[in-house]
Amino acid sequence: MATLSSSSASLLFSASSSNLFPLSHSSTSSRLSFSSSLHSSSASLFSASSPTFLAYPSSSSRLSSISASAAEKKKVLIVNTNSGGHAVIGFYFAKELLGSGHSVTILTVGEESSDKMKKPPFNRFSEIVSAGGSTVWGNPADVGSIVGGEVFDVVLDNNGKDLETVRPVIDWAKSSGAKQFLFISSAGIYKTTDEPPHVEGDTVKADAGHVAVEKYLEESFSNWASFRPQYMIGSGNNKDCEEWFFDRIVRDRPVPIPGSGLQLTNITHVRDLSSMLTLAVEKPEAARNSIFNCVSNRAVTLDGMAKLCAKAAGRPVNIVHYDPKAVGVDAKKAFPFRNMHFYAEPRAAQTKLGWSSTTYLPEDLKERFEEYVKIGRDKKTIQFELDDKILEALKVPVPV
Amino acid sequence: MARFVAVTPSQQNNQLSFSPLASSLSDFSGTKLHCSHIHFKRKQWQTKSASFYVSASSNKKILIMGGTRFIGVFLSRLLVKEGHQVTLFTRGKAPVTQQLPGESDSDYADFSSKILHLKGDRQDFEFVKSSLSAQGFDVVYDINGREAVEVEPILDALPNMEQFIYCSSAGVYLKSDLLPHAEVDAVDPKSRHKGKLETESLLQSRGVNWTSIRPVYIYGPLNYNPVEEWFFHRLKAGRPIPIPSSGLQITQLGHVKDLARAFVQVLGNDKASKAIFNISGEKYVTFDGLARACAKAGGFPEPELIHYNPKDYDFGKKKAFPFRDQHFFASTEKSKSVLGFENEFDLVEGLTDSYNLDFGRGTYRKEADFSTDDIILGKTLVSV
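Criteria and thresholds
Once a new chain begins, its residue numbering starts again from 1 and follows that chain's sequence as written. Working convention: letters from A go to chains and numbers from 1 go to ligands, in the order in which they are written. Given that the model is predicted, a residue must reach a pLDDT of at least 70 before its local features are reported, and side-chain atom pairs must reach 80 or more before they are shown or counted; all residues, however, enter totals for whole chains, interfaces and linings. As a rule here, side-chain values cover all heavy atoms of the structure and leave hydrogens and water aside. Helix and strand definitions here come from DSSP, where helices need a minimum of 4 consecutive H or I residues and strands a minimum of 2 consecutive E residues; each element is numbered from the N-terminal end. Here, residues are in contact when the closest pair of their heavy atoms is within 4.5 Å. Shrake-Rupley sampling with a 1.4 Å probe provides the accessible areas, and residues are treated as covered by the protein chains on show and by no other component. By the convention used here, strands pair only if DSSP detects at least 2 bridges between them. Orientation is described by axes fitted as lines to C-alpha atoms, over the contacting stretch for helices, and by angles from 0 to 180 degrees between their N-to-C directions. Classification of residues uses two cut-offs on accessible area relative to the type maximum, computed with a 1.4 Å probe and protein chains only: under 20% is buried, over 50% is exposed, and between them is partly exposed. Patch construction takes residues with relative accessible area above 30% that form no salt bridge. Like charges are linked within 9 Å, and nonpolar side chains (Val, Leu, Ile, Met, Phe, Trp, Tyr) are linked within 5 Å. In the sections that follow, a salt bridge refers to a side-chain nitrogen of Lys or Arg positioned within 4 Å of a carboxyl oxygen of Asp or Glu. His residues and chain termini do not enter the charge count, which takes Lys and Arg as positive and Asp and Glu as negative. A charged residue contributes its charge at one atom only: NZ of Lys, CZ of Arg, CG of Asp or CD of Glu. UniProt positions are given in the numbering used here, feature names are shortened, and annotations may be inferred rather than shown by experiment. Counting rule for disulfides: a pair of cysteine sulfur atoms within 2.5 Å. The quantity known as pLDDT measures the predictor's confidence residue by residue, on a range of 0 to 100. In these notes the angle categories are as follows: under 35 degrees is roughly parallel, over 145 is roughly antiparallel, 65 to 115 is roughly perpendicular, and the rest is oblique. Take the far helix as the reference: if the near one is turned anticlockwise from it by less than a right angle, the crossing is left-handed, and if turned clockwise, right-handed. Among buried residues, those of type Ala, Val, Leu, Ile, Met, Phe, Trp, Tyr and Cys that are joined through side-chain atoms within 4.5 Å constitute a nonpolar core.

Caption draft 1: Summary view of the overall build of chain A. What chain A contains, in helices and strands, is 17 helices and 13 strands. Taking the contacts inside chain A whose residues are at least 6 apart along the sequence as the reference set, 84% of them involve residues at least 24 apart. When the accessible area of chain A is evaluated, it comes to approximately 16100 Å², of which 54% is carbon and sulfur surface.

This is the structure:
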């Protein structure tokens, strides 16, 4: 098994010690009190207790920020990608760190004047600045000169997918005296398994770029942590996620889902990723030399996601299953999620950091749909070429 | 009228410093065959479990409702080994004790000399109440209860009970698109297992110190539910394995010995007071994956899997596949963080244990019945 042996060992050792951390126990007992309201409900998951659910986690993150203000303030550098699904992570993380009293610089790849900066979350960077953060742009390979010789306690690379891109940042962080290096990796590096979920320590694809970065970190940095996310939702997202479903649902179009629709995936609100990263910054010893699946604690089926989006939109949904090969489409182009089980659990973060997930899709998707309508996307004219090809092949009628 | 069995005084055993893992290994020694790949992690678990076990501080007088069929067979041995006085309440239809495959003669002799039997029908509520009240048990494990009415006389009989430990079921969870099921999740008052839910509610309302354990699918030697046996029959016969729909449905198996250890772990444990715990395997498994794991366990070649659309068939009353045709699995994070529970067996190891001690020795509970397979194989395959 080609695992990072020291990380799996550290998971085992840390797991035994972190069971004694009061935080993990209290998060469990908080869930216990939540359970009594759900237990009496014979209705679906959308019980009246969900507002309680949302209130609890924000107070717990407030608790961790209160403890942070009593503890050390950190200088954090975020090297952030300028596009794609991970872009929004740096945005939330920066704001949460600033809210907790830490100092933040966010270095975005490329140029401030580029067209990419007109898209979210970059077009909201004023929020980082007004919260006291610094925003700079450039090539991560030149990070040292871009930050003008400034020294940071913590460096997060939320950009590179291979060693060539991340190594200069790691090397600079080490030589400039940064104490902790965090890396946004990907849960996509796990090898497919008969036994889900992917847990930290499971075999990864040896040739994956992120794996090479994790190995290099393990060899060269004294306190590192790697975070493996899946799909994200949240305001400011640079890449479509739930929008793909909303686009079809509001236009009363069928929702074509490849395969059985039973494939499980993990769709997490980006605030959960941010809170996990923040905990790692505030508990560097607990996070030391660890891998963390950066996902919520519930998976959802592809069919389930379509249904939840429809429920959030208050409209019916017509799910249509198809075999991409039989129809002659590339599933990667036709559908935004992997056509297979893609399911990791955040066990290390729960055990080692005492982290709890707050994502609750039935509520979170309502907020997402409100924004979707607010920006007028429901009225936008969209072409559905691949959908039409699929539906044509299946002889499914489409409303004009 | 049932007879009372004379209660034999138990051996004085005040030394209860042990780890559940060590005791399970020694109890089931010879019955657990080592796999060629002993994981580094297992040694870590031994140390961990020893430091996390909250040992019962004294010998308890324990009653197990049931105990002669599957879970109780293993649980009773662990409890007796720890020095408790254990009584099994059964109708006596099955022998009170039977030697386990791989169990040494001396271990079996020791166990059978200490285990006690209370013969009766638990549906005879008056008898349950009077016999239990006459004996006065400290702790009751209800392993075979299905309905709340069956538990009432037990609670009535033993007002000073220290703990009532109930074998519930993850089957109570309301079907959901969000998984895994966690103890906080919505339950289904209309489920086939609603009797378990009603029992849990009864326990909550009565103020007794209760603990409820919700297993998923249980497997292991002596399993009377044809879970692994269903696959083993087909693998042995060299038959293809018919799996409904995509085979991607995810389920979860928990080894009976790990479940028994969990039942011991909650005994006298404050952290388990008035709490519910899902107990099952560390990882989940797809239907296709389970077929492959069973093949590995029995040393069979990689099996041929045939997928079919169950809607195309009418099997009448027969079950064509031993699992619910849906995702069904539960998180055990709570048991891990609150109790320090750890599985000893991973899936292939556990299935190997089951195979080597049961099916592989030529024993099984149900004869092979390939009639539904033949119906499926006889029809043209429909791709899903």
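Caption draft 2: Region of the structure containing the sheet that holds strand β2 (residues 103-109) of chain A. Residue and element names in this part refer to chain A. The strand order β3-β2-β1-β4-β5-β6-β11 describes an open sheet built from seven strands, whose pairing is parallel. Since the sheet does not close on itself, it has two edges, and those belong to β3 (134-138) and β11 (290-294), each with one partner. The mean inter-strand angle of the sheet, taken between neighbouring strand axes irrespective of direction, is 20°. As paired strands, strand β4 (residues 154-158) and strand β5 (residues 180-184) are joined by four bridges and run parallel to one another.

Caption draft 3: Region of interest: the side chain of A:Ser185. In this structure, A:Ser185 sits in the loop between β5 and α8 (209-220). Take A:Ser185: its relative accessible area is 0%, and that puts it in the buried class.

Caption draft 4: Structural context of a positive patch on the surface. On the surface, B:Arg69, B:Arg146, B:Arg192, B:Lys319 and B:Lys366 cluster together into a patch of positive charge. Tracing the backbone through its elements, the reader meets B:Arg146 in the loop between β4 (139-142) and α6 (148-157).

Caption draft 5: A look at the UniProt feature "domain: NAD-dependent epimerase/dehydratase" (unreviewed entry) in chain A. Mapped onto the present numbering, the UniProt feature "domain: NAD-dependent epimerase/dehydratase" (unreviewed entry) falls at residues 163-293 of chain A. Secondary structure across residues 163-293 of chain A comprises 39% helix and 21% strand; the distance between its end C-alpha atoms is 20 Å.

Caption draft 6: Geometry of the state of the cysteines. All names here are of chain A. What the rule picks out here adds up to zero disulfides over all chains. You can see Cys-309 has no disulfide; the closest cysteine sulfur is in Cys-241, sitting 7.7 Å from it. Judged by relative accessible area, Cys-309 falls into the buried class, the value being 0%.

Caption draft 7: Focus on the confidence of the model for chain B. Residues at a pLDDT of 70 or more form 84% of chain B, whose mean pLDDT is 88. Within the model, the stretch residues 1-27 of chain B combines pLDDT values under 50 with 55 contacts to residues more than four positions away or in other chains.

Caption draft 8: Representation of the UniProt feature "domain: NAD-dependent epimerase/dehydratase" (unreviewed entry) in chain B. As annotated by UniProt and renumbered to match this structure, "domain: NAD-dependent epimerase/dehydratase" (unreviewed entry) occupies residues 62-279 of chain B. Helix and strand shares over residues 62-279 of chain B are 34% and 22% respectively, and the end C-alpha atoms of the span are 21 Å apart.

Caption draft 9: Region of the structure containing the packing of helix α5 (residues 125-135) of chain B against α6(B). Residue and element names in this part refer to chain B. At a minimum axis separation of 8 Å, α5 and α6 run at an interaxial angle of 30°. Between α5 and α6, the crossing angle belongs to the class labelled roughly parallel. In terms of crossing hand, the pair formed by α5 and α6 is right-handed. On α6, the residues that touch Phe-125, Val-128, Lys-129, Leu-132 and Ser-133 of α5 are Val-149, Glu-150, Pro-153, Ile-154, Asp-156 and Ala-157.

Caption draft 10: The arrangement of the pattern of salt bridges in detail. Counted by the stated rule, this structure contains 43 salt bridges over all chains. For B:Asp177, the salt bridge identified is with A:Lys307, shortest N-O distance 3.6 Å. Taken together, the residues B:Asp177 in the loop between β5 (163-167) and β6 (178-179) and A:Lys307 in helix α12 (residues 302-313) connect one chain to another. Notably, a salt bridge pairs B:Asp156 with B:Arg206, separated by 2.7 Å at the nearest N-O pair. You can see B:Asp156 sitting in helix α6 and its partner B:Arg206 sitting in helix α7 (residues 194-206), a full 50 residues away along the chain. Bridged by salt links that share partners, the residues A:Glu345, A:Arg347, B:Glu282, B:Glu333 and B:Lys336 form one connected network.

Caption draft 11: Here's a closer look at the nonpolar core. All names here are of chain A. Of all hydrophobic cores here, the largest spans 42 residues; its most connected members are Phe-245, Ile-267, Met-305, Phe-335, Phe-337, Leu-361 and Leu-365. Looking at this core, the elements with two or more residues in it are β7 (231-233), α9 (242-250), β8 (255-258), α12 and α16 (361-374). Broken down by element, this core gets its largest block of residues, eight residues, from α12. The residues touching Phe-337, leaving out its near neighbours within four places in the chain, are Tyr-231, Cys-241, Phe-245, Ile-267 and Leu-302.

Caption draft 12: Representation of the confidence of the model for chain A in the model. Considering every residue of chain A, the mean pLDDT works out to 87; 82% of them sit at 70 or more. For the stretch residues 1-61 of chain A, pLDDT sits under 50, and the model shows 109 contacts to residues farther than four places along the chain or on other chains.

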